[in-house]
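Residue-level structure breakdown
If you want the building blocks of each chain, they are given just below.
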Amino acid sequence: MKALSLRELEAEAQRRLEPGAYDLFAGGADDEVTLRANENAFARLGLVPRVLRGRGRPQLETTLLGCRTSMPIVIAPTAFHRLAHPDGERATARAAAAAGAIMTVSMASTTAIEEIAEASAGGTLWFQLYLQPDLGFTEALIRRVEAAGCKALVVTVDSPVFGRRERDLRNGFTDLPSGLCCENMRPAGPGGTRGPARPIAFSEALSWEHIDWLRKSTSLPLVLKGLVHPADAKMALERGVDAVLVSNHGGRQLDTIPATLELLPPIAEAIGGRLPILLDGGIRRGTDIVKALALGANAVAIGRPVLWGLAAEGEAGVAHVLETLRSELERAMALCGCGSASDVGPELLHVSRWEKQCRTS
Ligand SMILES: Cc1cc2nc3c(=O)[nH]c(=O)nc-3n(C[C@H](O)[C@H](O)[C@H](O)COP(=O)(O)O)c2cc1C
């Protein structure tokens, strides 16, 4: 029987995956406070629908950074898709393209960007980058990504060091199984060959100067992923980036960062409509997406649900995830009296008397 919800799909994925692989995908940093907070924040915020507005069937199509997408739902970059299913990133890319959705390919993909682009066959791909201290290597990779036809660079800025994930330490998961590697980390060798994969380096020295360098190194639109502070959102505006993705890395980096949903309003205020804002972390229902849009996001991104779909059923599973969220979003918007994203605003949100009191006291 097909999973009725993304939560059922996670249960199915858990049945199919090795326990260590399930924990690698499901887990977060330290006490997993942020991981839980992301989902809980959506449950705590209520929707108060409008009625009798006669808007007709909700229109979900939108444009992000010049890319048409069938819905405001982007696939977030997640590593190691071939650990979830042998077809790995190719299956994800095929499902995304068929759904008319944008896929963000992780730099830590277990399939090379060129092969993912081939599988995607004209679908829209963005590429996620951990800027490497070796700028020569980074630049060569950007050229590969451009040549493969990717339409934006999503630069992850929340990872000067690697978060400590105790589930992985407990399970002894330190490396990919033999036969799998981060294919984009293999530098070009002689005669079109590729050398062994380098480990992905995280850099405590990463700074706004590197973003300036990137800006000069490529004409692709730049999305900064992992911004959570409004002061950094203002810096992003000043430095000429093209979009921000409000993210706490799905609770996998700094633990105890609040839920992204709670961090969104001050960031939206700082940005003031001058840049597109995306949000990820804990999106599991169409109603979650309505809430993110109501608080100022232009679109959301989904991480783990894609891995659950992939683990459960490969390409068909990812297609099922995208279709489930699309139809849930459409239904939630219709039930809220919204015909398009421009109808979705803060008036639909229920701020409890208790919360109002906390804010004024
Ligand atoms: C297994 C896994 C691998 C991830 N790999 C990456 C990555 O390679 N690069 C990156 O920027 N974010 C990575 N992320 C973070 C996601 O892009 C995204 O921020 C997060 O998963 C969103 O939360 P959600 O899983 O609740 O939807 C990863 C997340 C997971 C769960």
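Residues numbered from 1 in each chain as written. Predicted model: local features only at pLDDT ≥ 70, side-chain atom pairs only at ≥ 80, totals over all residues. Heavy atoms only, no water.

- Looking at an unreviewed UniProt entry, the protein chain carries the name Alpha-hydroxy-acid oxidizing protein, with the source organism given as Archangium minus.
- The protein chain has a UniProt comment under Cofactor (unreviewed entry) that states "FMN".
- In UniProt, the protein chain has this text filed under Sequence similarities (unreviewed entry): "Belongs to the FMN-dependent alpha-hydroxy acid dehydrogenase family." (UniProt positions renumbered as here; feature names shortened; annotations may be inferred.)

**Remarks on the packing of aromatic side chains**
- Tallied over the entire structure, the rule returns four aromatic pairs.
- Considering the side-chain rings of Phe25 and Trp308, the 6.5 Å spacing of their centres and the 70° angle between planes classify their relative orientation as edge-to-face. You can see Phe25 sitting in helix α2 (residues 19–26) and its partner Trp308 sitting in helix α13 (residues 304–335), a full 283 residues away along the chain.
- We classify Trp308 as buried; its relative accessible area is 2%.
- Consider the rings of Phe162 and Phe202, whose centres lie 5.5 Å apart with planes at 45°: the pair is tilted. You can see Phe162 sitting in the loop between β7 (153–156) and α8 (166–171) and its partner Phe202 sitting in the loop between α8 and α9 (208–217), a full 40 residues away along the chain.
- Owing to a relative accessible area of 52%, Phe162 belongs among the exposed residues under this scheme. (Phe/Tyr/Trp six-rings, centres within 6.5 Å; stacked < 30°, edge-to-face > 60°. Helix = DSSP H or I, 4+ residues; strand = E, 2+ residues; numbered from the N terminus. Buried < 20%, exposed > 50% of the residue type's maximum accessible area, 1.4 Å probe, protein only.)

**Focus: the nonpolar core**
- Of all hydrophobic cores here, the largest spans 97 residues; its most connected members are Phe127 and Leu153.
- Counting residues per element, this core draws most heavily on α13, which supplies 13 residues.
- Each residue touching Phe127, except ones within four places of it in the same chain, is listed here: Thr104, Val105, Ser106, Met107, Ile113, Leu141, Val145, Cys150, Ala152, Leu153, Val154 and Asn184.
- Core analysis: the next-biggest nonpolar cluster, separate from the first, contains 14 residues, Val74, Val223, Ala243 and Ala301 among them. (Core = buried A, V, L, I, M, F, W, Y, C linked by side-chain atoms within 4.5 Å. Contact = heavy atoms within 4.5 Å.)

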